[in-house]
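Given next are the chains, with one letter for each unit.
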Amino acid sequence: MNKYELEEKTNNIIEETKNALQTMYNALNRGQQKQIIKNEEVKALFDRYGVEYN
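First, a word on what this report is: a plain description of the structure on this page. (Residues numbered from 1 in each chain as written. Predicted model: local features only at pLDDT ≥ 70, side-chain atom pairs only at ≥ 80, totals over all residues. Heavy atoms only, no water.)

Okay, the nonpolar core next. Counting residues in each nonpolar core, the largest one holds seven residues, listed as L21, Y25, I37, V42, F46, V51 and Y53. For this core, the secondary structure elements donating two or more residues are α1 (3-27) and α3 (40-49). Once you skip the residues sitting within four places of it in the chain, Y25 turns out to touch Q33, I36, I37, F46, E52 and Y53. (Core = buried A, V, L, I, M, F, W, Y, C linked by side-chain atoms within 4.5 Å. Buried < 20%, exposed > 50% of the residue type's maximum accessible area, 1.4 Å probe, protein only. Helix = DSSP H or I, 4+ residues; strand = E, 2+ residues; numbered from the N terminus. Contact = heavy atoms within 4.5 Å.)

Structure (structure tokens):
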């Protein structure tokens, strides 16, 4: 596996993870969304993957 293939696979996994987290967040109601963002570990994970939660 060359560097290009590795980078492409890594980017695909990151995008899949972001989409999964975004789908999970969007499935929550407003109150649940507010509660989950209060958790600093979850907020850091969302920030790392670029999940929109505002």
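There's more to say after this.
Turning our eyes to something else, we now look at the packing of aromatic side chains. The relation between two aromatic rings is expressed through the spacing of the ring centres and the mutual angle of the planes. Taken as a whole and judged by the stated rule, the model has two aromatic pairs. On the basis of an interplanar angle of 85° and a centroid distance of 5.7 Å, the ring pair of Y25 and F46 is categorised as edge-to-face. Note that Y25 is positioned in helix α1 and F46 in helix α3, a separation of 21 residues in sequence. Look at Y25 and you get buried, because its relative accessible area is 7%. Judged by its relative accessible area of 1%, F46 falls in the buried class. Measuring from centroid to centroid gives 6.2 Å for F46 and Y53, while their planes differ by 40°, and the two rings are tilted. Neither F46 nor Y53 differs from the other in exposure class; each is buried. Three or more aromatic residues link up through ring pairs in this structure, and these residues are Y25, F46 and Y53. (Phe/Tyr/Trp six-rings, centres within 6.5 Å; stacked < 30°, edge-to-face > 60°.)

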